Amino acid sequence: MGLKGADNDMSEDGGQRIGRRDDAVRAAVERGLLGPDAPIVGLLDVTGIRASAAELRRAFEAVAAPGTAVLHAFAVKATPLVPVLRLLAEAGLGAEVASAGELALARAAGVPAARTVFDAPAKTGPELREALALGVAVNADNPQELRRLDALVGAGGPASSPLGIRVNPQIGAGTIGATSTATATSKFGVGLRDAGAREWVVQAFTERPWLTRLHAHVGSQGIPLSLLARGVAETYALAEEINARAGRRQVDTLDIGGGLSVDFASEAAEPTFAQYARLLAEAVPGLFDGRYGLVTEFGRSLLARHGTVVARVEYAKHSGGRRIAVTHAGVQVAPRTVYVPGAWPLRIAAYDAKGRPKEGAPVVQDVAGPACFSGDLLAEGRALPPLEQGDFAAALDTGAYYFGSHYSYNSLARPGVYGFAPDGDGGVAFAVVREPQTVAEVVAESGGAHADALTTLRATGSR
Ligand SMILES: Cc1ncc(COP(=O)(O)O)c(C=O)c1O
């Protein structure tokens, strides 16, 4: 895939975003948040996050009948950071959680249970019990999970949690197999085209008056808008069928998942939430007429643009005629890009040692990470102003599924994450979102307290 330069193809919003980012990188260097002793940070643009949350809400308000209940539940997996969840909650969003940890993060952020949705594919009995006790919405993934809900609902009387079933419309994949969830053999939900499955879902509802929701999430990144809309249309059609069979409006809420893609090759903000909402209104006219409440679960499209990981160039070298900038950002902050670079390319912006955008004729170079395997590259053969020792390389659009979800290869410490916003005085204000991990913490989470556990382990049984 050909990558456009960081400054090409920008919308007006994109231009403002670039300006805020450049200011933040320079200010981070000036304040020592980034430098020889802190060679990598994650930066989050608070202004941009707020703007995206508002844009999402406006997009659905513009097409939904007045009074339609719409919950935008941010997919916590995209950016599992408590201050981010609180910022979004303040902006009127909720949380979609897919593990006990994510549920705990949402609770720590103060996201109300009534704005939380629990969707994981492997929910345990105790996790389900906790969700029901809290009043969190749950979408059962499969018949076995539904039987667990039967037992819990039976034991506790009708749950205050809204309960539903996740279905898989089995309409096919987008451009990235690993994030396509509506394939014939996907591990998620009840495959509607499997023999007898659709009828099973309809019956499951008619036998359980407490089931009121249908959920489908077609995939995440690489799913064309038309395929997303088809998945929603199929889910809507099933809800209509269930309600006709039940003779009442039993399904009262449709959870349409997330999955709006981000254009990682340019600063362009398309597809927009407004484009998607308008397409849904055209493709599924009944969706927004007020008969159904709606839940969305966007992650990447809300946060990716607003995060930047910035890393110091520790060494600039040559090998086999190739110029290589060895930086501190690699697989630990960008595992998808490092392991599957063709599917997950990232734009790189070059900054000088003072944090100013770097000028200079582009030269082809690799931007390498700190991990000890040769594939640890953020970008390979990329034309950029020449990165020198002490400069900084920024990986753009990394606010979702990148530095928030650290991968501890080589025991590389989690970088600090800072939010930034204009300080009202022409400068930049920063707030700590996540402290940089210390080496002592790395040891502690790697069994440091159990150093002699294996050397003192002896067979105690008789042989
Ligand atoms: C059930 C569910 N909802 C929402 C999302 C968020 O998707 P995206 O970040 O692409 O919007 C995911 C991502 O995997 C998901 O599995």
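Residues numbered from 1 in each chain as written. Predicted model: local features only at pLDDT ≥ 70, side-chain atom pairs only at ≥ 80, totals over all residues. Heavy atoms only, no water.

Visitor: What am I meant to see in the overall build of the protein here?
Guide: Along the protein, the regular secondary structure elements total twelve helices and 18 strands. Computed over C-alpha atoms, the radius of gyration of the protein comes to 24 Å, within 12% of the 23 Å expected from 2.2 N^0.38 for 463 residues, which places it in the range of a compact globule. C-alpha extents for the protein along the principal axes are approximately 75 × 70 × 45 Å. Once local pairs closer than 6 in sequence are excluded, the contacts in the protein between residues at least 24 apart make up 70%. With the model as given, the accessible surface of the protein reaches about 19,600 Å², and the carbon-plus-sulfur share is 53%. (Helix = DSSP H or I, 4+ residues; strand = E, 2+ residues; numbered from the N terminus. Rg over C-alpha atoms; globule rule 2.2 N^0.38 Å. Contact = heavy atoms within 4.5 Å. Areas by Shrake-Rupley, 256 points an atom, 1.4 Å probe, with all protein chains shown as cover.)

Visitor: Would you explain helix α2 (residues 46–61) in this entry?
Guide: Taking 1.5 Å per residue, 16 residues should reach 22 Å; α2 reaches 23 Å between its end C-alpha atoms and fits that length. Those residues of α2 lying buried are V46, G48, I49, S52, A53, L56, A59 and F60. (Expected span 1.5 Å × (residues − 1). Buried < 20%, exposed > 50% of the residue type's maximum accessible area, 1.4 Å probe, protein only.)

Visitor: Got a minute to help me understand helix α8 (residues 225–246) in this structure?
Guide: Residues spaced three or four apart along an α-helix point in a common direction, a consequence of the helix completing one turn every 3.6 residues. If you check α8, its first and last C-alpha atoms are 32 Å apart, about what 22 residues at 1.5 Å a residue would give, namely 32 Å. Turning to α8, the residues buried within the fold contact β6 (163–168), α7 (197–207), β8 (211–215), β9 (253–255) and α9 (273–283). Just downstream of α8 lies G247, where phi reads positive at about 75 degrees.

Visitor: Is there a simple way to think about the site of the ligand in this case?
Guide: The ligand sits among 14 residues. The nearest are S220, G259, E297, R300 and Y401. In this structure, an oxygen atom belonging to the ligand sits 2.6 Å away from a side-chain N or O atom of S220. At 2.6 Å, a side-chain N or O of Y401 approaches an oxygen atom of the ligand. Burial of the ligand by the protein chains amounts to 92% of its free accessible area of 400 Å². For the shell around the ligand, the per-class residue count stands at three nonpolar, five polar and six charged. (Near = heavy atom within 4 Å. Polar contact = N/O pair within 3.5 Å; in protein donor to acceptor, adjacent residues only side chain to side chain. Nonpolar A, V, L, I, M, F, W, Y, C, P; charged D, E, K, R; others polar.)

Visitor: I'm lost on the UniProt feature "domain: Orn/DAP/Arg decarboxylase 2 C-terminal" (unreviewed entry) in the protein in this one. Help?
Guide: Per the UniProt entry, the sites bearing "domain: Orn/DAP/Arg decarboxylase 2 C-terminal" (unreviewed entry) are residues 305–399 in this numbering. With 5% helix and 43% strand, the stretch residues 305–399 has end C-alpha atoms that lie 6 Å from each other. (UniProt positions renumbered as here; feature names shortened; annotations may be inferred.)

Visitor: Got a minute to help me understand the packing of aromatic side chains in this structure?
Guide: Given two aromatic rings, one states the distance between the centres and the angle between the planes to describe the pair. According to the stated counting rule, one finds nine aromatic pairs in the structure shown. With a centroid separation of 6.1 Å and an interplanar angle of 65 degrees, the aromatic rings of Y339 and Y407 are classed as edge-to-face. In this pair, Y339 is assigned in helix α11 (residues 335–339) and Y407 in the loop between β16 (392–395) and β17 (416–422), connecting sequence segments 68 residues apart. Through pairs of rings, three or more aromatic residues link up here, namely F60, F273, Y276, F288 and F298. Between R249 and the ring centre of Y292, over which it is positioned, the NZ or CZ distance is 5.0 Å. (Phe/Tyr/Trp six-rings, centres within 6.5 Å; stacked < 30°, edge-to-face > 60°. Lys NZ or Arg CZ within 6 Å of the ring centre and 35° of its normal.)

Visitor: Help me out: how do you make sense of the pattern of salt bridges in this one?
Guide: For side chains bearing opposite charge, pairing can occur when the charged atoms are close. Per the counting criterion, the structure on display carries 25 salt bridges. Of the charged contacts, one joins E267 and R17 as a salt bridge, the two residues approaching to 3.0 Å between their closest N and O atoms. Here the residue E267 occupies a position in the loop between β9 and α9, and R17 occupies one in helix α1 (residues 12–30), the gap between them amounting to 250 residues. Across the pair, exposure class does not vary: E267 and R17 are buried alike. Of the charged contacts in the structure, one is a salt bridge between R347 and E267, with a shortest N-O distance of 3.0 Å. Linking R347 in the loop between α11 and β13 (348–351) with E267 in the loop between β9 and α9, this pair joins segments that are 80 residues apart in sequence. Each member of the pair R347 and E267 is classed as buried. Shared partners join several salt bridges into a network, and the residues in it are R17, R21, E267, R305, R347 and D397. (Salt bridge = Lys/Arg side-chain N within 4 Å of Asp/Glu carboxyl O.)

Visitor: Teacher, can you tell me more about the domain arrangement of the protein here?
Guide: Note on interface size: it is often stated as the accessible area lost on association of the parts. Along its sequence, the protein is organised into domain 1 (14–46 + 304–445) and domain 2 (47–303). Computed over C-alpha atoms only, the centres of domain 1 and domain 2 are separated by 33 Å. Contact with domain 1, which involves 31 residues of that partner, is made by 27 residues of domain 2. Where domain 1 abuts domain 2, roughly 2,400 Å² becomes buried across the two surfaces, and 58% of that area is made up of carbon and sulfur atoms. Taken together, domain 1 and domain 2 are joined by three salt bridges. Inspection of the domain 1/domain 2 interface yields 18 residue pairs in polar contact (both at pLDDT 80 or more). Counting only elements with at least two residues in the side of domain 1 that touches domain 2, the list comes to α1, β1 (40–45), β17 and β18 (428–434). The greatest single-element share of the side of domain 1 that touches domain 2, amounting to five residues, is contributed by α1. For the side of domain 1 that touches domain 2, the residue count by class is 16 nonpolar, six polar and nine charged. (Domains from an automatic or database assignment. Buried area = accessible area lost by both parts, 1.4 Å probe.)

Visitor: Looking at this structure, how should I read the UniProt feature "active site" (unreviewed entry) in the protein?
Guide: Mapped onto this structure's residue numbering, the UniProt feature "active site" (unreviewed entry) falls at C372. As for its position among the elements, C372 is in the loop between β14 (363–368) and β15 (377–384). Judged by its relative accessible area of 64%, C372 falls in the exposed class. Apart from the residues within four sequence positions on either side, C372 is in contact with Y409 and N410.

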